[in-house]
Amino acid sequence: MDKQRRNFLKIAGVAALAGIGAPALVRLSSSAALAAEHGAAVGEATAEAAHGAVAEAASQGVRLGMVIDMRRFSEQPELLDNAIVACNDAHNVPQFDNRKSEIKWIWKAPFENVFPYESSYHLAKKVKDADFAVLCNHCDDPPCVRACPTKATFKLEKNGIVAMDYHRCIGCRFCMAACPYGARSFNWEDPRPYIAKYNKDFPSRMRGVVEKCNFCSERLALGQEPACVEACQGTGAMVFGDLNDAQSEIRQLLDKEFAIQRNAALGTKPSVFYIV
Amino acid sequence: MYNKGTIIPGLIIFVLFVTFPIWFNGFKAGTPPKPELPPGGEKKCVESVEYMRANHMQLLDEWRDNVLRDGNRSVVTVEGKDYRKGLQMACMQCHSNKEKFCDSCHTYAAVNPYCWDCHLSPKEAASKEETR
């Protein structure tokens, strides 16, 4: 077929016009409708968030959480030590002398470090002197999970635990930067020589991975409570359970007592509550 | 062909050189490894011998994903005995000697799986007093 230059130029011109014009047309027709729909909702949400008045939306299914009752811990100060030792033993957590290499699953911290956004001005003496139990908050909206480039850390939909797959961790430490609670530790050295006693049912970690509390997933599977909770058994210092089950012990306690979460204004929705 | 006198002997030397590992070992692949059978006398594994021989690495990967990612920690039952999914909790319960079982083939095949960077071999676990 003999293509004429005139016809070719006509077709090319029409095609170019259509190509340039189509996206503009689509944008024009859709943006008006979108703006009307979105504007109101976005406006409301930002206004609420700005005032810190975002009610926590209930997530679906089981959401495991913990209440730490500091009144019990201040009555029996050795309780927290027992809980920490129980955790370290259960998970082969190494004990380093230098703080740089420190690995922490559950540890002690003073009030002003645990709750930096709560006033510590004229703090009650018992709170000021108390060692708070700190661990991973197993947030409902975990920033560490969003930061992880390999999906080595993820939220288990089944129970809301923020878990880790150490096989997949590349040690980039983005999650450590993302976690607002300092709940993650990096293995700067081979941890093995610093583990005093092995639990033969649990692995250790290797140099170059990040680790943290796993809410004792492996113990829950056996129908046991987390190691720290078990160490405080009978005292009510640590209560563990499903935050979405209105009949659970933890919810009964939260309904009755005033509890605070660490830095709730960030919107990470921590699952660990403190009764101060 | 030009330079026949240098090219052909050169080629022969080259072929002999690259096949050195083959003829030096007498055209044999060495003694095949004999991984130790469970010292406890267990006869049945979670899958057939052929399957385990070819696919134990895939099975371990599946177990890992089941346990860590899907939260499915269901037990595996073999001849009435329950095993929890896991290298330390299932495999090493019977194959209690890593050096004579795992390493015998892995060394022969020159593969270096990094399982033991984190997982505790029975020997390593026994080297430090157990928690429970």
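Here, every reference points to the structure presented above.
For chain A, the helix and strand inventory stands at 10 helices and 10 strands. Looking at the 276 residues of chain A, the share that counts as buried comes to 35%. Summarising the internal contacts of chain A: among those between residues at least 6 apart in sequence, 66% fall at separations of at least 24.

Let us look at the overall build of chain B. Tallying secondary structure elements over chain B gives seven helices and two strands in all. What you see in chain B, going N to C, is helices and strands ordered as α-α-α-β-β-α-α-α-α. Relative to the 2.2 N^0.38 estimate, which gives 14 Å for 132 residues, the radius of gyration of chain B is 23 Å and therefore markedly larger than a compact globule would have. Its C-alpha atoms put chain B at 75 × 30 × 30 Å along the principal axes. Across the 132 residues of chain B, 15% fall into the buried class. A separation threshold of at least 6 residues defines the contact pool for chain B, and within that pool the share at least 24 residues apart is 55%.

Further remarks concern helix α3 (residues 49-69) of chain B. Side chains of residues three or four places apart in an α-helix project in the same direction, reflecting 3.6 residues per turn. The largest bend along α3(B) measures about 80° and falls at B:N55. Looking at the packing, one finds that the buried side of α3(B) touches β5 (162-164) of chain A. Looking one or two residues beyond α3(B), the residue adopting positive phi is B:G71, at roughly 65°.

Each partner contributes residues to the interface: chain A has 21 residues there, and chain B has 17 residues. Grouping the amino acids of the side of chain A that touches chain B by side-chain chemistry returns 10 nonpolar, four polar and seven charged.

A few words now on the pairing of strand β1 (residues 75-78) of chain B. Residue and element names in this part refer to chain B. Pairing analysis gives four bridges linking β1 to strand β2 (residues 81-84), with the strands arranged antiparallel. Each residue of the ladder has a partner; that of T77, found in β2, is D82. Between β1 and β2, which pair antiparallel and follow one another directly, the connecting turn spans two residues, one of which, E79, has a positive phi of 50°.

Counting residues in hydrophobic clusters, the biggest one holds 64 residues, and the most contacted among them are A:A83, A:C87, A:I106, A:A133, A:L135, A:C228 and A:M238. Beyond its immediate chain neighbours, meaning those up to four positions away, A:C228 contacts A:A83, A:A86, A:C87, A:I106 and A:M238. If you look at the next biggest cluster of nonpolar residues, it comprises five residues, including B:L87, B:M89, B:A90 and B:M92.

All right, on to unusual backbone geometry then. In this model, A:N263 sits at a positive phi of 45°, which is unusual for a non-glycine residue. Inspection of the secondary structure assignment puts A:N263 in the loop between β9 (260-261) and β10 (272-275). The phi torsion at B:N3 lies on the positive side, around 55°, for a residue other than glycine. On the secondary structure map, B:N3 appears in the segment before α1 (4-18). On the neighbour-count criterion, B:N3 (8 C-beta atoms within 10 Å) is exposed.

Residues and elements named next belong to chain A. Pairing within the open sheet is mixed, and its four strands lie in the order β8-β1-β10-β9. Edge positions in the open sheet fall to β8 (238-242) and β9, since each of these has one partner strand only. Bridge count between strand β1 (residues 64-69) and β10: four bridges; the pairing is parallel. Residue pairing for β10: V67 is matched across the bridge by F273.

What counts and what doesn't
- Residues numbered from 1 in each chain as written.
- Chains lettered and ligands numbered in written order.
- Predicted model: local features only at pLDDT ≥ 70, side-chain atom pairs only at ≥ 80, totals over all residues.
- Helix = DSSP H or I, 4+ residues; strand = E, 2+ residues; numbered from the N terminus.
- Buried ≥ 20, exposed ≤ 12 C-beta atoms within 10 Å, placed from the backbone.
- Contact = placed C-beta atoms within 7 Å.
- Rg over C-alpha atoms; globule rule 2.2 N^0.38 Å.
- Bend = angle between axes of the 7 residues up to and from the residue.
- Nonpolar A, V, L, I, M, F, W, Y, C, P; charged D, E, K, R; others polar.
- Pairing = 2+ DSSP bridges.
- Core = buried A, V, L, I, M, F, W, Y, C linked by C-beta atoms within 7 Å.

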